[in-house]
Structures are given as C-alpha cells and as structure tokens.
Amino acid sequence: MKQTLKKAFIATIPVLTGYLVLGFGFGIILKSAGYGILLAFAMSLLIYAGSMQYVAVGLLTGGASLITAAVTSLMVNARHLFYGISMLEKYQGTGKRKPYLIFALTDETYSLVCGDNANIPPEQRNNYYLYVSLLNHLYWITGSVAGAVAGTLFQFSNEGIDFALTALFLTIFLEQWLTAKKHLPAIIGVSASVLCLLFFGRDHFLIPAMLIIALLLCLYREDEGHA
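Note on numbering: residues in each chain are counted from 1, in written sequence order. Confidence filtering applies because this is a predicted model: local features only for residues at pLDDT of at least 70, side-chain atom pairs given and counted only at 80 or more, and all residues used for totals across whole chains, interfaces and linings. For side-chain calculations, the full set of non-hydrogen atoms in the structure is used, while hydrogens and water are omitted.

*Asks:* Quick rundown of the overall build of the protein chain? Include the residues and the values.
*Replies:* Regarding its fold elements, the protein chain presents twelve helices and zero strands. Per the convention used, a helix needs a DSSP run of H or I reaching at least four residues, while a strand needs a run of E reaching at least two, with both numbered from the N terminus. Start at the N end of the protein chain and walk to the C end: the helices and strands fall as α-α-α-α-α-α-α-α-α-α-α-α. Any residue under 20% of the maximum accessible area for its type is buried, any over 50% is exposed, and the rest in between are partly exposed; the area is computed with a 1.4 Å probe on protein chains only. Buried positions account for 35% of the 227 residues belonging to the protein chain. Computed by Shrake-Rupley with a 1.4 Å probe, the accessible areas treat only the displayed protein chains as cover when residues are assessed. Total accessible area computed for the protein chain in this model is approximately 13,300 Å², and 69% of it derives from carbon and sulfur atoms.

What follows is the structure, given as structure tokens:
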C-alpha cells in the first residue's frame, strides 16, 4: 500500500503545484471579500468545487438568492455529470470508498484516474483512486487556507490569479498526451471544445462541448469494442 500511495503522490505532483496556487488565490480572494480563514477551510473541505468556489465569492458578496446559487452551480459543474457517467464501471466494486470517490471527482482527479493505470496492480487500483482523490483534496484545502492566512497578514492584488486554472489544465493535458498511447480521445476533446467555443461563445460553449465529447467518446469506445 505504501508503494501505491507513493505512485499516487508522484502522479498528483502536477495537481499539487496547481492546486496550491489556485487554492492560494481562492483564499486571497475570499479574504479580500471580507470572509475569514474558517470559511475558506469549510468551503474547500465540504464544497471542493474549484472554479465554482471562485464564482461563489461573487455570489456571496452580491447577495445572490438560493435559486440563483443553485442554478449557477448546476451550470458551472454540469460537466461532472458526464465525468460521473464515464466512471461508473471504473468505480464499481470500490466499496466504502465510493461515496468519497464520487464527491472528490474533480477535473484533475478525473484526468488521473480515467486512464488505464497499467503501472498499478489491479488489486491496488481502488486504493490508488482513493489516494489520488484524497491527496488532491488535501492540496486544495492547504492552498485555500494558506491563501486566507496570507490575505490576513498581507495585502495582495488578485488580478490575473484565476489564470492559474488554465495553466493547470494545460499542464495535465500535456502530461496525459505524453503518457497515453492513443491520442484520439484528446483530439476529440480539444476539437469539440474549440468548435463549440467558436460557435456558441465563451459563456455558453461548455455544455454543448461536453455533450458532443461524450457522444463521440461513446462511439469511439463502441468501435474499440468491436475492433
């Protein structure tokens, strides 16, 4: 199990660097909005929604209604519906780990556990999924709390902080591209996203892109099964 934990830690190093920066930025923004360290910890522990936590700061400061918050959360996190569906088979048989694995399935965690993980023995893969999920969660909590503490002690400009999210996605994509044997799923994802961005615009492209990607990947998987 120690070897599995070590492999999980090595695999999550790119997420570690990204989550510490992203969480730090969230903590600073939350503190600059007038909220404390305890809320930063609680949101990162219980919500753990990355970009949605950034959006939540604006909802809190703007006095948004519960309905507005619920609809916004659904729109921002709708992509997780597709992530979850694609992980049904992989998470089957994970036992008591399953509720937490479902809760902790972020974009970055998904990118690490959705592959073949050929270097992990089959009997240890459920533990590997748990370790990857837990480590990433801890990274995010640590970054958020550290940012809130720093925001209490120092004055920061939060301009451009949210670009760290884009940088993290690029890092993970490149890591997956270099290690994966088949690149067609990645090409499908990028192509569908760019086309939907051009057609629907940046405020409305995400859900159509995810629908198209899910459909094409299902067709791709079916073709692979017949091959």
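So, next bit.
*Asks:* If you had to explain the packing of helix 3 (residues 37-46) against helix 9 (residues 125-153) to someone new, which residues and values would you point to?
*Replies:* What counts as an axis is a line fitted to C-alpha atoms, over the stretch in contact for a helix, and the angles between N-to-C directions run from 0 to 180 degrees. In the contact formed by helix 3 and helix 9, the axes pass within 9 Å of each other and the chain directions differ by 165°. Taken together, the axis directions place helix 3 and helix 9 in an arrangement best described as roughly antiparallel. In terms of crossing hand, the pair formed by helix 3 and helix 9 is right-handed. Residue-level inspection shows I37, A40, F41, S44 and L45 of helix 3 in contact with helix 9, the latter providing H137, W140, I141, S144, V145, A148, V149 and T152. Three classes are used: nonpolar for Ala, Val, Leu, Ile, Met, Phe, Trp, Tyr, Cys and Pro, charged for Asp, Glu, Lys and Arg, and polar for all others, with Gly counted as polar. Of the residues contributing to the contact of helix 3 with helix 9, the split by class is nine nonpolar, four polar and no charged. Oblique is the label for any angle not covered by the other classes, which are roughly parallel (under 35 degrees), roughly antiparallel (over 145) and roughly perpendicular (65 to 115). Note on convention: near helix rotated counterclockwise from far helix by under a right angle means a left-handed crossing. Clockwise means right-handed. Contact criterion: two residues are considered in contact whenever any of their non-hydrogen atoms come within 4.5 Å of each other.

*Asks:* Explain the nonpolar core to me, using residue names and the numbers behind them.
*Replies:* Note that soluble globular proteins tend to have their nonpolar side chains buried in a common cluster. Membership of the largest hydrophobic core comes to 33 residues, with the highest contact counts inside it found for Y19, F26, Y91, L105, V113 and W140. Of the residues forming this core, the biggest block, eight residues, is contributed by helix 9. Residue types Ala, Val, Leu, Ile, Met, Phe, Trp, Tyr and Cys, when buried and joined through side-chain atoms within 4.5 Å, form a set referred to as a nonpolar core.

*Asks:* Which residues make up the packing of aromatic side chains, and what values do they have?
*Replies:* Planes of paired rings set the category: under 30 degrees apart is stacked, over 60 is edge-to-face and the rest tilted, where pairs are Phe, Tyr or Trp rings (Trp by its six-membered ring) whose centres lie within 6.5 Å. If you walk through the whole model with that rule in mind, you get eight aromatic pairs. Aromatic side chains Y128 and Y129 sit 6.4 Å apart centroid to centroid with 65° between the ring planes, which places their arrangement in the edge-to-face category. According to the relative accessible area criterion, Y128 is buried, its value standing at 5%.

*Asks:* How would you explain the environment of Y220 if you had to name every residue and give the values?
*Replies:* In this fold, Y220 is placed in helix 12 (residues 206-226). As a C-alpha pair, Y220 and P185 span 35 residues in sequence and 8.1 Å in three-dimensional space. The residues touching Y220, leaving out its near neighbours within four places in the chain, are K182, L184 and P185.

*Asks:* Could you give me a rundown of the side chain of T12, with the residues and numbers involved?
*Replies:* Note that T12 resides in the loop between helix 1 (2-11) and helix 2 (13-32). The buried category is assigned to T12, whose relative accessible area is 0%. As used in this structure description, the phrase polar contact means that two N or O atoms lie within 3.5 Å; if the pair is within protein, one of them must be able to donate a hydrogen and the other to accept it, and residues adjacent in sequence are counted only when both atoms belong to side chains. Among the polar contacts listed, one links the side chain of T12 to the side chain of Y139, at a separation of 2.9 Å. Residues contacting T12, with those up to four places away along its chain left out, are L112, V132, L135, N136 and Y139.

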